[in-house]
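Listed below are the residues making up each chain.
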Amino acid sequence: MPAPILVTKLYPPPLRADLVKRQDLIERLSGGLNKKATLISAPAGFGKSTLVSDWLDQLCQLPSCGVAWLSLEQDDNDPTQFLTYLIAALARTPLLGDEFGKESRGLLESPQTVPVENVFIPLLNEIAESSGKIVLVLDDFHLIDSQEVLDTLTYTLEHLPPQLHLVLATRQDPQLPLGRLRAQGQLTELRAADLRFSNAEAADFLNRLMGLELSPKEIAELETRTEGWIAGLQLAAISMQGSGDVQGFIRSFRGSNRLVLDFLIEEVLARQEEGVQDFLLRTSILDRLTGPLCDALTGREDGRETLEGLYRGNLFIVPLDAERRWYRYHHLFAELLQGQLTATHSNLIEELHQKAARWFQENDHLPEAVLHTLAGNDIPTAVQLIEKGADIAIEKSNFRFILDSVDLLPEGALEKSPWLFIYHTWALLLTGQVEAANPNLQNLEWLLDYAGDQDESEQRKMLGYIAGLRVIHAGWVRDYENLTDYADQVRGYLPDNNWISAYCAMMMGGYFWGNGNLPEAIAAYREAVSAGKDSGNSMVAITSTGNLAHSFEMAGRLQQAVGLLQNAFELAQQDGRIMPVSGYIHVEYGRMLYELDKLDHAEQELREGIRLCRQMADGQAEKIGHLLVAKIKIAQGDHDGARESLEEGESAIGHSQVVYDLRGADFPQVWLWLKEGRLPALKDWLEINQPAPGEIPHFKTRLTLTMQARVMIALGRDNPQESYLKDASHLLEELYQMADENGWGSKVIEIRCLQALAASIEDGHDDRALEILEGALLLGEPEGFVRTFVNEGPPMAQLLYEALKREITPAYVQRLLAAFPPAEPDRDKTPKDQSGLVEPLSEREIEVLELMAAGLTYQGIAEQLFISPHTVKTHSRNIYAKLDVGNRTLAVGKARTLGILPPA
């Protein structure tokens, strides 16, 4: 079931009858309705929300105008939650109605990841069909830092129908295309200079609303000292009410001075009843306030009534729901109250946090309970709470809860809780942080001593968990000699249906990858999936499913792998939510979609996987996602985008001494050099990356030497007198024997493609090359492999054209040729690359070919070039012969694929 909507986020702040009317600003806002967006950007306390709420109140009087409001929170950085609330806000608009966004809501509630465009297009279409103007306000937009949400808003702004106007109220400029909107005249902006109270507005506020009797000179002086800052004026006005020395107060006031702000708080607090002062200070530690929670901190029973009184008294408190059950202090006011609490009652702070922690714990808010317990310096209780949630957190792949909570503990606290020590080590290893886990793993003796003092049941459980840690670590560092012994220890200590036994099976799958035994790896991962499901641990079941799919793909069973992953998304749901561990599935699925040449869909899956892996704190999986995105960008010709993804991949995880499996994301930088023809860089890379297969003990890693062979072929094509091609052929033959004998079908296809390319250069003709290539085509066709062929570029395209001529898997070859990207347009007159032709085309023949591509007849070409039609026919025959085709359509198509002609 979808999470319930908190409707209070959809209401603008309630307006007071006695507010300062700012009609000039409201008219500016109304005057910008014909533009795409309005940006109201200013620091806290400048009246942004109040101004917009007043404006909307006036717009609501117009029958042709509808308004929608969404108060944003940190949790709205989740794209699904953001879109859900956005649809709910718009649905409240009478111009759209309750049925608005029904299709998009269904997509968001789907277990499958849906591209943002698929969700937004129906929404924008529905808005475009409405009559009138709809104003959508996103308040507190500065809380949004999610790139996915920012991308969503960018997409919205780029496709905004004229019926919709977007308003952003924020403390800082968002990362949106503001410059483009300004240049297009599509942005209205209000900033701090616009929002400051004028002298007239300050006089209206101070004298009429606050009941002060200040002279124009006093008002002007105070307005100057506050620089029109509304919150500062309000604080000053509250402080001056009842003051006997207004002139003295104004003279001493400095609006931007922290000491003066502290003084204002003291003056405000001093003028409240003692009970209210105490209430404000004691509750200032809370991000949100409700009556019972405040009662827990104050020891009173009037929390709700006091909050309502504060609201009526305009003491910087904001209601969060229509019933006014939950409130928050204005952020600046809360900070100032906290500073005053520290200055005057610092001895109460720990006790207050401990009381808040108990209330949150009793009301099932464990994360908040942990934070307040730590803030209250009650370390033993904090350890107990973290330990309480750690077991569930591991099962739900919420490793960040464990890692972040433990990071907040003081040094030495972890060693006082054996089980939390174990859970923390598990969290580190399951997120690939092997070096960080090493100190824990080297400090297990005290756990063994502790276990020895427990009863037999507790002892066996703890020893089983410790053995499980050693299994995971051995798998990471490829210590296969000891892995099987540790796995046997787990089986000896724990029952068969324990989730750690499932991890043992999964690590054994990696062991079989290491020795090349794919059938045994598949069997081990199947056992891990089954054991994970039987034990109720979705984390290991999902992770093993990803590894099982990867094994199928390595065996050349691409379609089976894809089907397995498609069915795995349902497994990744728990309590209506997508578990972060599903990031692994998204990354695996994205990689296979890439092989199938579904590049846009692949990128969407990878980016969702990256987001979830980041949420799970698995930097290594996040890095793999970024590197795979880089390969997509290379395939799309977006080399700058590829470099950006490479940088993001490196920043996802720091230097690691542990060798880990990149799952097909190996060497994206080398791919980029190959596409850019950077032969010196390739040569330098090869000189320091030329291990012999026998020097690499891990079988799966050994097969990544295909990249070295690919680089040798590229260098050999440019330097035929060198030994590159001969070395590549020897290496590929050795790799082929390994892959073929062990049933690694996808690598067989890749190796045969490279062998065909090498043979076409070495032999000077295509007979042997096509014989080799035919084997790859026969293996690739039933499973739909595409990028393995297409990534090899124009030389592979030329071989495929020859295969098509000889009717070798013609339907498959045509599908592959259609996937080759067109060459970049030849905007200058640099020579065409005709390395793929036995005899190059002359300059005149290229001119004739270009006019053929433009659709001109022989007569038309003749007139363009001032030659006879007979001469055009002669050039055409020569073109067909050199391209080895039979008509102009094939000639143009092949020339585009080889890069001789620009794209259509």
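Here we summarise the structure given alongside this text. The shown structure was predicted, so the numbers you read here are calculated from the model rather than taken from an experiment.

## Quick notes on the packing of aromatic side chains
Per the counting criterion, the structure on display carries 16 aromatic pairs. Where Phe789 meets Tyr812, the ring centres are 5.9 Å apart and the plane angle is 85°; that geometry is what we call edge-to-face. One end of the pair, Phe789, is in helix H42 (residues 787-790); the other, Tyr812, is in helix H44 (residues 810-819), and 23 residues separate them in sequence. We classify Tyr812 as buried; its relative accessible area is 0%. An aromatic cluster is present here, built from Trp419, Tyr423, Trp426, Tyr465, Trp499 and Tyr503 joined pairwise through their rings. Its guanidinium or amino end placed over the ring of Trp513, Lys700 lies 5.1 Å from that ring's centre, counting from NZ or CZ.

## Side note on the sheet that holds strand E7 (residues 317-319)
One open sheet holds the 3 strands; their spatial order is E6-E8-E7, and the pairing between them is antiparallel. Pairing within the sheet leaves two strands with one partner each, and these edge strands are strand E6 (289-290) and E7. Relative to strand E8 (residues 326-329), E6 is paired through 2 bridges, and the arrangement is antiparallel. Bridge pairing in E8 places Thr290 opposite Trp326.

## Quick look at unusual backbone geometry
Backbone geometry places Asp597, a non-glycine residue, at a positive phi of 70°. If you trace the backbone, Asp597 turns up in the loop between helix H31 (582-595) and helix H32 (599-615). Residue Asp884 is not a glycine yet carries a positive backbone phi of 60°.

## Considerations on the sheet that holds strand E3 (residues 133-139)
One open sheet holds the 5 strands; their spatial order is E2-E3-E4-E1-E5, and the pairing between them is parallel. Whereas interior strands pair on both sides, the edge strands pair on one side only; in this sheet they are strand E2 (65-71) and strand E5 (187-191). Sheet twist, expressed as the mean angle between neighbouring strand axes with direction ignored, is 15°. With 7 bridges connecting them, E2 and E3 associate as parallel partners. Across the sheet, residue Leu70 finds its bridge partner in E3, namely Leu138. With respect to the sheet, helix H2 (residues 48-59) is in contact with strand E1 (37-41), E2, E3, strand E4 (164-170) and E5, its orientation differing from that of E2 by roughly 155°.

Rules of the game
- Residues numbered from 1 in each chain as written.
- Predicted model: local features only at pLDDT ≥ 70, side-chain atom pairs only at ≥ 80, totals over all residues.
- Heavy atoms only, no water.
- Phe/Tyr/Trp six-rings, centres within 6.5 Å; stacked < 30°, edge-to-face > 60°.
- Helix = DSSP H or I, 4+ residues; strand = E, 2+ residues; numbered from the N terminus.
- Buried < 20%, exposed > 50% of the residue type's maximum accessible area, 1.4 Å probe, protein only.
- Lys NZ or Arg CZ within 6 Å of the ring centre and 35° of its normal.
- Pairing = 2+ DSSP bridges.
- Axes fitted to C-alpha atoms, helices over the stretch in contact; angles between N-to-C directions.
- Contact = heavy atoms within 4.5 Å.

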